[in-house]
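A look at the structure
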Amino acid sequence: MDKTDSKGAEVTDNTWEVKANCHHFHGQLRRKPFRCFRQRRNAENAVRSYRYTVLTFLPLNLYEQFQRFANIFFLLVVILQCVPAIATIPWYTTLLPLIIVLSVRGMKDLSADLARRRSDSQINSRPCDVLTPAGFTTLQWKDVCIGDVLRIHKDQIIPADLLLLCSSEPHSLCYVETADIDGETNLKYRQALSITHSELISDPAEEALSTFDGNVLCENPNNRLYSFKGDLYWRGKTHRLDIEHILLRGMVLRNTDCAYGLAIYTGSDCKILRNSGQVIVKKTQVEKDFNRVVIGIVLTLLLVAVLMAVGSGLFEYRVSPKMEVLSALGGGSTPVYRGFLAFWGYVILLSPSMPIALYITFEMIHVVHCLLIGWDLHMYWANNDTPAQARSKSLNEELGQVGHLLSDKTGTLTQNRLIFRQCCIAGDIYGSTSLSAEDAKPLDLSWNPYSYGGLHFHDQRLVDRLVKQQCPQSQEFLTSLVLCHTVMSEWKNGTIRYQAASPDEEALVVAARELGWVFLSRTRDSLTINALGQTLNYELLALLDFTSDRRRMSVLVREPGGGLKLYCKGADVVILERLQKDSPHQESTARALEIFAQGCLRTLCVAVRTVTEQQWQKWRDGLQEGEALVEELHGRMERELMLLGVTAIEDRLQDGVPEAISSLRQAGIKVWVLTGDKTETAVNVGYSCRLIDPDTNLLQGEELRQLLQSPTPEIRSFKDLDVWCIDNRPPWSKVTVVITGHQLADLMEEPEWGARFVALSNQCQSVLCCRVTPGQKAEVVRLIRKHTSSVTLAIGDGANDVNMIKTAHIGVGLCGVEGSQAVQNADFALSQFSFLCRLLLVHGHWSYYRICKFLHYFLFKTTAFALVHIWFGFFSGFSAQPLYETWFIPFYTIAYTSMPVQCLAIFEQDVSAEGCLRWAALYKTGQRRDLFSPATLAASLLYSVYTSLVLCLLPLGAFHSTALDYQTLAITVATSAVFTVTIEIIIQTRYWTKYNIAAICLSLALYFILTLIVHSKILHDKLPADFYFTGVIIIAFSDPVVWLTILLTTCTATLPSLTGLALNVVLTQSSKHRVHSMMLPTQVRRPGGFRRGGVLRHSSYAMSQGAGFGRLITSGTGLHATAPAQEGAEAAANGTKENNDKL
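Residues numbered from 1 in each chain as written. Predicted model: local features only at pLDDT ≥ 70, side-chain atom pairs only at ≥ 80, totals over all residues. Heavy atoms only, no water.

The criterion, for reference: UniProt positions are given in the numbering used here, feature names are shortened, and annotations may be inferred rather than shown by experiment.
Per an unreviewed UniProt entry, the protein is named Phospholipid-transporting ATPase, and its organism is Denticeps clupeoides. Word for word, the UniProt comment on the protein under Sequence similarities (unreviewed entry) is "Belongs to the cation transport ATPase (P-type) (TC 3.A.3) family. Type IV subfamily." Entered under Subcellular location (unreviewed entry) in the UniProt record, the comment concerning the protein runs "Membrane".

Quick look at the structure:
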């Protein structure tokens, strides 16, 4: 049975048994769906993210819809209306709207679920090769079962969690890309067990694999992406298994012709799907608040009905016996019975105070708001022909209340590619970041047959010096770049391609290739390069691989001329302290580092050391010692270096990301970045995207831990420099919290720490969470939701972001390069992160503003309309007699007042789109919930009570001494109600369109036309029981008293609203008025110099990755003994020689 540890990861025992090529054994355990139930143990490989089936749609959807209290209430009202003794209004006036509401919402839910089903079908129908008795057969993903042996071809996606058995590469090594899992596009390697490699490699492979009968006993399915424990029992021996032997679902096989694997976990048991979370039905905060209001209205309605029933009983007991007519009408009923009937009569009569039409209109408005998002051309990305999508149709107003934004980094903020932009060689800076690729003059690289384009480096001076061989330091610099790395090469279609463990390394090797220094191939003990057309072979003597502690890597090579050199590159703080004394160009290089840091570029220093044969012989003996001694030896080898220069790489952001984050921060949104990268990489990206200001202090590590462990809420000083104390501390707005996944795991163990962490983070500028797993991303969202009332929005582009997207109040998926899992599970889909600014500040603000005004107005007009019956009850003996004509009640909501409020909810604006973006602080209105607070709701309800009193009492008083009858009174009150709510919508509307004007005119016209129709003699003759106001409208409107009463009633009812509007303009100055007097925001400029004394901005070379391929290269694992055939390399070399001869 699965358990959960204190860090949120599932803890399992090794009880999961997998038998290879044993369909009978696993067929008995396979978990098959039966109707809405699931049975047995093993999951199918088919993905099911949809919620409904043919059998479960109707009951499950109705169950979900009747979670709304209003739907239950109206169902009960319909049942009551079917009882003639208490049916004060006909049953069809409530039943038909209820059916329409349920149908519209059901069709919308069904449409969204069908879209999920289509997406699942596309994934489940992907092809894969499965070993069957007839050999490898192409089947679909959904047909894969536990225990199957699969063949994965190059560039194919892994369909299930597999145990790697063997591959086409030496030592059964294979390379995989994990972009759809952890967002990293660099390659990682997996290797099969030596026993399966040696025994299962054959030609053809089917024969050996079909006889493979190994038995795997491993941990139960869990959500841990970076660990695996198990054993392979085969041929009487036990072989230990770990994560390096496992290919996870979602990985892509790269640089390997084919690989063979045994299916361990399938379907929902796969690790990546275990991190995806459950489908969550989300509701907005406004909807939740309004549901509470609805419950309050119902309780008030029942209380009023009880009081009116008591009044009816007392009237029947004391007044009716004294009046002969009333006694005759009573029919001998007891006061208790009359009160009982009056109670249910008033429940039905007052039910329009919570009209079901509200929910129909609410759904329609959400749909229109979603269409407006999709139609916004400012959020259309022409590069992939993708508009913005609102996949959820009920979260629009929530977009205007976001307080916390939680974003992935790789592929969300960045473009998933690094670009070589500048370098400093021998104190001279080459390249510029101020020019775009379109504005800069392209380099003349026609002499280089290996140039494939894509170099974003623009400085012809360096190219000329290299070609003319005028700068030996530049040549040595590029030689270092082309030798000091762990990149793998392959030739495909006559071009050379690189696969690297670090995106930094790939960017540097590609840049060197474009500049004439081409890495061709490598073996275990050699590297082959082409320098300006001359092919050179270097003997690789030692490779000192990168680690997070060393923060550098080195290679020791023997040059073609016989000399020995050690090339080293790494973080500046590491390399600079290892230079020779009085090493040249240190000051100019330091200035270059400052300039590159101000440009938020990722920098690393490059150095070289000449080594004697005697030194090498001494080192070679030491390299055979233990690991601790080897580390010490590495430190001695990488001393007395001579500085060659500095590289500056841009972790290229998506277009508009810095501006978008700056605007979101001005809007009061707390931005958190959650990434699997390491700290240095995340911090560098934070500076470049304006998440962190240049003068911001970083709170991290032990200092953060001590702060959270402090027994008092006061903040104390833990260091002498750049920290805050009680008496003298910099503002919290200049502090960024940086926390790692391991620290987060410890944080989750102590609930008190979690609360302190969130409280501290809310005071700071931003938060960076580094090296976090997909499960931890979701835990961070839960932590914020638990300790704040803020609305959270999560945005990402990979499958590793799905759990976070589902957990947040709002999930946004980017249509990036990492697949479509994030989009398929998101509430909104965008093509660029910068579009998020318009989605929130414009559409979110508008939706919140419109929905709030809509709900306030709808609450006002329906409550004022329905409460008239209460006051009329005091004049009708509490008899539950309706004051309105029967047909006026449904038409009031459906025809007379529906269109203006719909136009208000669709077109209303307080500020234009440009104003929303320019004055982002207006967004804080939604965060504070100013427009839908208990105070504003109480004001609307009090105003509706006042209006209902005026609508009832003024006409009654005016007609008290006249001969006008009940029907004339009903027409007068109805007309006054229509005019009052129409004038109120005119007052509330700030942004007028032709549709608003047309809706108001059409609504008034419909009132007079439909009233004439229902008062016609023709309908009365056919249905006298339903149409009994024959000709009343003509008689009433011909009397001047009626029109004067309507005018007086309307003016009196709308007087408070007009007075409040005038006082608000005269006495107050809201933020919307101040907008027009504000000056344009000034552009934020970076300071001239960067303070390296505070937070060190040093190299982040390879910081986002683990160790590279160094161990594989030096051991020879996965490398050919000789250099592979280089298709096209000879022709390219000949072309280079001809070009050099011409030069």
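So much for the structure itself; the text now carries on.
**Let's talk about the pattern of salt bridges**
Keep this limit in mind: Within this document, salt bridges are pairs made up of a side-chain nitrogen of Lys or Arg and a carboxyl oxygen of Asp or Glu, the two lying within 4 Å of each other. Under the DSSP-based scheme used, a helix requires at least four consecutive residues in state H or I and a strand at least two consecutive residues in state E, with every element numbered from the N terminus. Between buried and exposed lies partly exposed: a residue is buried under 20% and exposed over 50% of the maximum accessible area for its type, with that area taken using a 1.4 Å probe on protein chains only.
Taken as a whole and assessed by the stated rule, the structure comprises 38 salt bridges. With a closest N to O distance of 3.4 Å, Lys853 and Glu908 form a salt bridge. Of this pair, Lys853 sits in helix H28 (residues 835-873) while Glu908 sits in the loop between helix H30 (898-907) and helix H31 (913-918), and the two are 55 residues apart along the sequence. With respect to burial, Lys853 and Glu908 carry one shared label: buried. Several salt bridges share partner residues, and in doing so they unite Arg665, Asp693, Asp695 and Lys734 into one network.

**Thoughts on the UniProt feature "binding site: Mg(2+)" (unreviewed entry) in the protein**
The condition that has to hold: Contacts were defined at the residue level, with two residues in contact if any of their heavy atoms lie within 4.5 Å. Distance and chemistry together define a polar contact, namely a pair of N or O atoms within 3.5 Å, with one atom able to donate a hydrogen and the other to accept it when in protein, and with adjacent residues in sequence counting only for side-chain atoms on both sides.
UniProt records the feature "binding site: Mg(2+)" (unreviewed entry) for Asp408, Thr410, Asp797 and Asp801 in the present numbering. The largest pairwise C-alpha distance within this set of annotated residues, which runs over 394 residues, is 10.8 Å, so the set is compact in three dimensions. Not counting residues up to four positions away in its chain, the partners in contact with Asp408 are Leu413, Leu674, Thr675, Lys777, Ile795, Gly796, Asp797, Asp801 and Met804. There is a polar contact of 3.4 Å between the side chain of Asp408 and the side chain of Thr412. Positionally, Thr410 belongs in the loop between strand E19 (402-407) and strand E20 (414-425).

**Some words on the pairing of strand E7 (residues 135-140)**
Note the following rule: Here, strands pair whenever DSSP counts at least two bridges between them.
Two elements, strand E6 (residues 127-132) and E7, share 6 bridges in a ladder whose sense is antiparallel. Of the residues in E7, the one forming a bridge with Val130 is Thr137.

**Structural notes on the packing of H30 against helix H35 (residues 994-1014)**
Convention followed: Lines fitted to the C-alpha atoms define the axes, with helices restricted to the stretch that makes contact. Angles between their N-to-C directions range from 0 to 180 degrees. Note on terminology: angles under 35 degrees are roughly parallel, angles over 145 are roughly antiparallel, angles of 65 to 115 are roughly perpendicular, and the others are oblique. Crossings are classed by handedness, with left-handed meaning an anticlockwise turn of the near helix from the far one by less than a right angle and right-handed meaning a clockwise turn. Throughout this entry, Asp, Glu, Lys and Arg are counted as charged residues, while Ala, Val, Leu, Ile, Met, Phe, Trp, Tyr, Cys and Pro are counted as nonpolar. The remaining residues, Gly among them, count as polar.
Contact pair H30 / H35: the axes reach a minimum separation of 8 Å and the direction vectors enclose 165°. Looking at the two axes, H30 sits roughly antiparallel to H35. Our pair here, H30 against H35, has a crossing hand that is right-handed. Residues Met899, Pro900, Cys903, Leu904 and Phe907 of H30 lie in contact with H35, whose contacting residues are Tyr995, Asn996, Ala999, Ile1000, Leu1002, Ser1003 and Leu1006. Considering only residue class, the contact of H30 with H35 consists of 10 nonpolar, 2 polar and no charged.

**Points about the pairing of strand E34 (residues 766-770)**
The element E34 is largely enclosed, with a buried count of 5 among its 5 residues. Alignment of strand E31 (residues 670-674) against E34, held across 3 bridges, turns out to be parallel. Within E34, the position partnered with Val673 by the bridge is Leu768.

**What about the nonpolar core?**
Most often, soluble globular proteins keep nonpolar side chains buried together rather than apart. The cut-off we apply is this: Nonpolar cores were defined as sets of buried Ala, Val, Leu, Ile, Met, Phe, Trp, Tyr and Cys residues, with membership established by side-chain atoms within 4.5 Å.
Phe854, Leu855 and Phe888 are the most contacted members of the largest nonpolar core, which totals 89 residues. Residue contributions to this core peak at 16 residues, all from H28. Residues contacting Leu855, with those up to four places away along its chain left out, are Val286, Phe290, Leu358, Phe362 and Phe932.

**Here we look at the packing of aromatic side chains**
The condition is simple: Each pair of aromatic rings taken from Phe, Tyr and Trp, with Trp reduced to its six-membered ring, is defined by centres within 6.5 Å and is described as stacked if the planes are under 30 degrees apart, edge-to-face if over 60, and tilted in the remaining cases. Geometrically, a charge over a ring is one whose NZ (Lys) or CZ (Arg) sits within 6 Å of the ring centre while staying within 35 degrees of the ring normal.
Inspection of the entire model under this criterion finds 35 aromatic pairs. Ring centres of Tyr52 and Phe57 lie 5.2 Å apart, and the angle between their planes is 85°; this geometry places the pair in the edge-to-face category. Following the ring pairs from residue to residue traces out a cluster consisting of Phe865, Tyr884, Trp887, Phe888, Phe891, Tyr892, Tyr896, Phe979, Tyr1007, Phe1008, Phe1037 and Trp1043. Over the ring of Trp141 we find Arg126; its NZ or CZ atom is 5.0 Å from the centre of that ring. Positioned above the aromatic ring of Trp919 is the side chain of Arg918, whose terminal nitrogen or guanidinium carbon lies 5.4 Å from the ring centre.

**Some words on the sheet that holds strand E24 (residues 517-523)**
Strands sit in the order E21-E20-E30-E29-E28-E27-E26-E25-E24 across an open sheet of 9 strands; the sheet is antiparallel. Strands with a single pairing partner mark the edges of an open sheet, and in this sheet they are strand E21 (428-430) and E24. Taking each pair of neighbouring strands and ignoring which way they run, the sheet shows an average axis angle of 30°. Pairing geometry for E24 and strand E25 (residues 526-531), over 6 bridges, is antiparallel. Within E25, the residue paired with Val518 across the bridge is Asn530. Most of the contacts of helix H18 (residues 613-622) go to strand E29 (residues 602-611), to which it runs at about 110°, and overall it touches strand E26 (534-544), strand E27 (552-558), strand E28 (564-570) and E29.

**So, the environment of Val657**
Assignment of secondary structure puts Val657 in helix H20 (residues 657-666). With a relative accessible area of 0%, Val657 lands in the buried category. C-alpha of Val657 to C-alpha of Gln832: the two residues are 175 residues apart in sequence and 8.6 Å apart in space. Leave out the neighbours within four places in its chain, and Val657 touches Leu413, Cys689, Phe833 and Ser834.

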